[in-house]
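# Examination of the molecular architecture
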Amino acid sequence: MENGGPSQTALVTAYARAYHQIADQPRIFTDPLAARLLGHTAEELPGLAATDRLSGAVTDRNRRLFFASRARFAEDAVAAAVAAGARQVVILGAGLDTFAYRNPRRDLRVFEVDHPATQAWKRERLATAGIDSPGTLTFVPVDFETQALATELESAGFRRTDPAVFVWLGVVYYLTPDAAHATLAYIAGQARPVEVVLDYLRSATTEAESAYQRARADRLAGVGEPLFSYFTPDGLSAQLRDLGFTGVEDHSAPDLIAGYLGGPAAFDGEPSPALQAIRMLRASR
């Protein structure tokens, strides 16, 4: 995080989702609040390509499509869970997510969990943009170095005995495997039915992939956001099943995008190694 604000990757994700609204057709994911929360009009977004740290969010179409598909996949999962009776949604590492402010259901409680400094910055942005925080939203500031997720969530009114769906995007690869497993174990302890939607980085399968991942990890470490976790699809699935999850749905990023756009021809050339390494997963129990 910089100056108490969000991480660079959280900003890039938010700008990509905002630019997707005006640059990509067909649109995979609709978010009318994305640009407004960032403090820009739609007309201003193309000019951000000149900003080095945000240029990829604006110019890399496949990257934008993944961020849009990831959000769509998560919100589709939430909708299905709500249809099945869940009335609690926990967004872990909420960043600049806007679901809570677009949530049409008055009986669906949304808990946004994030670092206190990031959350304070977001609340300032919401106030500046004139975006009201609905009564169905509860902010849950958690400093994971000094506070426990379970304690803070339950203090905020989250009910462990009721069904819930957890959305955990853009976070797992910045945690150690043990920390990621501990959070999954906490989610698995929720009353049934419970679901978790997350994205993760696949372990390299070739020397070329290993070299690319090392270079990328070095770049991110250089901006204070080191990567710690990679998983194999079979290994993560086995871990989830050991925790009691009975349904595991896993998609590569290219396949997820292609599914929303009607086929792989939607890509501009081959997906980048970064896109090929990332996967989306939905697990239920």
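Overview of the structure. Predicted model only: the values in this text are computed from it and were never measured. (Residues numbered from 1 in each chain as written. Predicted model: local features only at pLDDT ≥ 70, side-chain atom pairs only at ≥ 80, totals over all residues. Heavy atoms only, no water.)

### Structural notes on unusual backbone geometry
What counts is decided by this rule: Where helices and strands are cited, they refer to DSSP runs of H or I of at least four residues and of E of at least two residues respectively, numbered from the N terminus.
Geometrically, the link from Gln25 to Pro26 is a cis peptide bond, its omega value of -5 degrees lying close to zero. Examined against the element boundaries, Pro26 turns out to sit in the loop between α1 (8–23) and α2 (34–38). Here the bond from Arg192 into Pro193 is cis, since omega is -5 degrees, no more than 30 degrees from zero.

### Describing the packing of aromatic side chains
Note the following rule: Working definition: rings of Phe, Tyr and Trp (its six-membered ring) pair if their centres are within 6.5 Å, and the pair is stacked with planes under 30 degrees apart, edge-to-face with planes over 60 apart, and tilted otherwise. To sort residues, take the accessible area from a 1.4 Å probe on protein chains only and compare it with the maximum for the residue type: under 20% means buried, over 50% means exposed, and anything in between is partly exposed. A positively charged side chain is recorded as over a ring if its NZ (Lys) or CZ (Arg) lies within 6 Å of the ring centre. The angle to the ring normal must also be within 35 degrees.
Taken as a whole and assessed by the stated rule, the structure comprises six aromatic pairs. Aromatic side chains Phe66 and Phe67 sit 5.9 Å apart centroid to centroid with 50 degrees between the ring planes, which places their arrangement in the tilted category. Considered together, Phe66 and Phe67 belong to a single accessibility category, that of buried residues. Judged by centre distance (6.2 Å) and plane angle (85 degrees), the ring pair of Tyr200 and Phe231 falls under edge-to-face. Here the residue Tyr200 occupies a position in strand β5 (residues 194–201), and Phe231 occupies one in the loop between α9 (207–222) and α10 (233–242), the gap between them amounting to 31 residues. Neither Tyr200 nor Phe231 differs from the other in exposure class; each is buried. Members of the aromatic cluster, each reached through a chain of ring pairs, are Phe111, Phe158, Phe166 and Tyr186. Cation over ring: Arg160 sits above Tyr186, and NZ or CZ is 3.8 Å from the ring centre.

### Concerning the environment of Arg72
Note the following rule: Only heavy atoms enter the contact rule, under which two residues are in contact if any of them lie within 4.5 Å.
Relative to the assigned elements, Arg72 resides in helix α4 (residues 61–83). In this structure Arg72 touches Ile28, Phe29 and Tyr260, once residues within four positions along its chain are discounted.

### Quick look at the environment of Gln213
Position of Gln213 among the secondary structure elements: in helix α9. Residue class for Gln213 comes out buried when judged on its relative accessible area of 12%. Once the C-alpha coordinates of Gln213 and Tyr230 are considered, the two residues, 17 residues apart in sequence, prove to be 10.0 Å apart. Beyond its immediate stretch of four places on either side in the chain, Gln213 contacts Arg202, Ser203, Ala204, Tyr230 and Ala277.

### Considerations on the pattern of salt bridges
The criterion, for reference: Here, a salt bridge means any Lys or Arg side-chain nitrogen found within 4 Å of an Asp or Glu carboxyl oxygen.
Enumeration according to the criterion identifies 15 salt bridges in this entry. Note that Asp162 is salt-bridged to Arg159, the shortest N-O span being 2.4 Å. For Arg282, the salt bridge identified is with Glu195, shortest N-O distance 2.9 Å. Taken together, the residues span a long stretch of sequence, with Arg282 in strand β7 (residues 278–284) and Glu195 in strand β5 at a distance of 87 residues. Residue class for Glu195 comes out buried when judged on its relative accessible area of 14%. Linked through salt bridges whose partners overlap, the residues forming this network are Arg17, Asp31, Glu75, Asp97 and Arg102.

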